[in-house]
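Breakdown of the fold
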Protein chains: 2
Amino acid sequence: MQDASIGGMVATNASGTTAVRYGSMRDQLLDLEVVLADGTVIHTGTRAKKSSSGYHLTGLFAGSEGTLGIITEITMRLHGIPEYTMMARCTFDTPELCAVAAQNILLGGIQVMRMELIDATSIAEVNRQNGYDFPDKHSLFLEFAGARAAIEEEVKLTAVLMNDLGCENWEVASDPTKQKEIWKARHELSFAYQHINGLDETGSDVCVPISRLPELVAYARQLIDESGLKGGIWGHVGDGNFHTLVLFDPKAKGQREKAEYTNEALAIRAIEVGGTCTGEHGVGLGKIKFQEAEHGAALEMMKNTKRMYDPQGILNPGKIFFM
Amino acid sequence: MQDASIGGMVATNASGTTAVRYGSMRDQLLDLEVVLADGTVIHTGTRAKKSSSGYHLTGLFAGSEGTLGIITEITMRLHGIPEYTMMARCTFDTPELCAVAAQNILLGGIQVMRMELIDATSIAEVNRQNGYDFPDKHSLFLEFAGARAAIEEEVKLTAVLMNDLGCENWEVASDPTKQKEIWKARHELSFAYQHINGLDETGSDVCVPISRLPELVAYARQLIDESGLKGGIWGHVGDGNFHTLVLFDPKAKGQREKAEYTNEALAIRAIEVGGTCTGEHGVGLGKIKFQEAEHGAALEMMKNTKRMYDPQGILNPGKIFFM
């Protein structure tokens, strides 16, 4: 695992746990310096916070995965560090209920800083790898950040909403050490799965309207269970974005196909309910097959855009679409 | 004066007084249905809150002023109504100090809902038209909105920051009627200027990095004073976006040219300091002349985009650039 670079994050319009508060990379950009296929250097924006001048090329290059030009300089807005934070964690009987909980928090107007789901299988895996004893149930991780008085109110309101949904194991902390402890299972999640020797993994990155999130999370769990493989679900549920991770033995016949079927079925369902096959990681090669279903007639205009910017096909060829 | 329509606001990437909190129209969009020049209907996005799939055509159509396709359906995100609001107003000796005040509020991490400047000339005009007696000084109008406890803290902190800068006439209200009274001069501003019979008006819409806002506001005041014409300044200073309005007698020789010179000089200076000639109203015909200075080599790619989407030049021809 390597750290994400700002350039890579812009090129894929990446995001992460704080996107629920600040949006994804595209939302942070003021200007890009881009080298075009013929060597021309352009600036796509200015340093002004907003503009109604010309076409919005900044947004076009963000998420274009190097296929339209090479981004060589990035001007982005910064956000101040909030004065006060609190972290919380609670568990539910189903991952679907975690998604409903996320929905209720958003509908309650609570401006969380982060809101993450980890399903029971994944918590159990973190426990097993590290000797922890976190309740191995479907868990919702929350961070609140802002002015102290406002945060204390938000946490109280959230506790009421979670109780109404029948949450268990509610824990909340303002002390920095305890905050870290509460979120430990979330932070160590991807390492836990990487430590399973001899198995490969495959995963998905769907993002759906928040109103459809509970059913999609339930469907993802069902797909993994039906595959007979070991796998987990986690994600940035405040955005409607979540991941599956399915483990398979590359030497066992048919396992890879079963694992990959869960990704495909989930991506197709996400698109059907008005969502996207990739919420934050990009298309690359693996999601080319979903582009037509997701973008329909717009795909042809995207291809025309590619042809216009890169007539000789020299910029990250073969990515995003089959030309 | 007519009300803005959502379609028109998307087509110009318009914004207004709450953009300092929520961003401009482009930031609210999830999906657009667009009819292309050849009649093809496309959708540019999905209903998911974020996506890394395909090129960001939504952002491209927003602000394209009807030159790339006709927007026929708009899916946008909504924001909840905050539970509590307070409004404030104070005055300073120069419009430049109002801009510094706006800067300090942003640097203080105070998440204002609105933050507006009106210069002394314009306040005096509102007073004169309506028989009011608001202090005819350079004024900063503020709205705070959110959780009550947080808002009360923000207002206290703002009062300290404003006092440190030597503000006068600080007034603040939570009572709805008093809130309205405090902002009255702002709300009635554009009507006041429209009631000056026999005179035409022209105006600008520059947006600059917040760090350059004080000098630009001072420069705008200087340009108006040097023109010998009557004019005012107001704007969404939390975004670095402000307007000038210069009145002229269309029958008096040279007055129109003098008024328009203020716009041109201001737009050019805004571009020089890393800003834009139009923060929220669009290019149309009047700002075509600034497009090359603002966009440089990127302008050619914008024109290529126009040619690709509209090869026959049937979509709002003649707007944004000379082709």
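Residues numbered from 1 in each chain as written. Chains lettered and ligands numbered in written order. Predicted model: local features only at pLDDT ≥ 70, side-chain atom pairs only at ≥ 80, totals over all residues. Heavy atoms only, no water.

Some remarks on the side chain of Ser204(B)
Residue and element names in this part refer to chain B. Mapping Ser-204 onto the fold places it in strand β8 (residues 200-204). Classification of Ser-204 by relative accessible area gives buried; the value is 7%. Apart from the residues within four sequence positions on either side, Ser-204 is in contact with Phe-242, His-243, Thr-244, Asn-263 and Leu-266. (Helix = DSSP H or I, 4+ residues; strand = E, 2+ residues; numbered from the N terminus. Buried < 20%, exposed > 50% of the residue type's maximum accessible area, 1.4 Å probe, protein only. Contact = heavy atoms within 4.5 Å.)

Section: the interface of chain A and chain B
With 72 residues of chain A at the interface, the matching set in chain B holds 72 residues. Between chain A and chain B, roughly 5100 Å² of surface is buried when both sides are summed, and carbon and sulfur atoms account for 58% of that area. Contact with chain B buries area across many residues of chain A, yet Lys50(A), Ser52(A) and Tyr55(A) alone supply 19% of it, more than any other trio. Viewed at the interface, chain B and chain A are joined by six salt bridges. Of the charged contacts in the structure, one is a salt bridge between Lys49(A) and Asp239(B), with a shortest N-O distance of 3.9 Å. Counting the contacts that link chain A with chain B gives 36 residue pairs in polar contact (both at pLDDT 80 or more). Elements with a minimum of two residues in the side of chain A that touches chain B: α2 (19-22), β2 (41-43), α3 (57-61), α6 (148-164), α12 (291-295) and α13 (298-309) of chain A. Counting residues per element, the side of chain A that touches chain B draws most heavily on α13(A), which supplies eight residues. Class assignment of the residues belonging to the side of chain A that touches chain B gives a composition of 29 nonpolar, 32 polar and eleven charged. (Buried area = accessible area lost by both parts, 1.4 Å probe. Salt bridge = Lys/Arg side-chain N within 4 Å of Asp/Glu carboxyl O. Polar contact = N/O pair within 3.5 Å; in protein donor to acceptor, adjacent residues only side chain to side chain. Nonpolar A, V, L, I, M, F, W, Y, C, P; charged D, E, K, R; others polar.)

A word on the environment of Gly166(A)
You can see Gly166(A) is positioned in the loop between α6 and β7 (168-173). In the structure, Gly166(A) is positioned 75 residues away from Thr91(A) in sequence and 9.0 Å away in space, judged by C-alpha atoms.

As for the sheet that holds strand β3 (residues 70-76) of chain B
Residues and elements named next belong to chain B. Across the sheet, three strands lie side by side as β2-β1-β3; this open sheet has antiparallel pairing. Pairing within the sheet leaves two strands with one partner each, and these edge strands are β2 (41-43) and β3. For this sheet, the mean angle separating the axes of adjacent strands, direction not counted, is 15°. (Pairing = 2+ DSSP bridges. Axes fitted to C-alpha atoms, helices over the stretch in contact; angles between N-to-C directions.)

Some points on the relation of the copies chain A and chain B
Once chain A is rotated about the relating axis by 180° and shifted along it by 0.0 Å, it coincides with chain B to within an RMSD of 0.0 Å. When the rotation and shift are considered jointly, the pair of chain copies conforms to a two-fold rotation axis. The position closest to the rotation axis in chain A is occupied by the C-alpha of Ala150(A), lying 2.4 Å away. (Least-squares fit on C-alpha atoms with pLDDT ≥ 70 in both.)

Quick notes on the domain arrangement of chain A
Residues and elements named next belong to chain A. Structurally, chain A comprises domain 1 (6-79), domain 2 (84-190) and domain 3 (196-282). Taken together, the contacts link five residues of domain 1 with ten residues of domain 2. Taken together, the two surfaces of domain 1 and domain 2 that pack against each other cover about 630 Å², and 55% of this comes from carbon and sulfur. When the area that domain 1 buries against domain 2 is broken down by residue, the three leading residues are Thr-17, Val-20 and Arg-21, summing to 83%. For the pair domain 1 and domain 2, the interface holds zero salt bridges. At the surface where domain 1 touches domain 2, the tally comes to three residue pairs in polar contact (both at pLDDT 80 or more). Of the residues that constitute the side of domain 1 that touches domain 2, the class distribution is two nonpolar, two polar and one charged. (Domains from an automatic or database assignment.)

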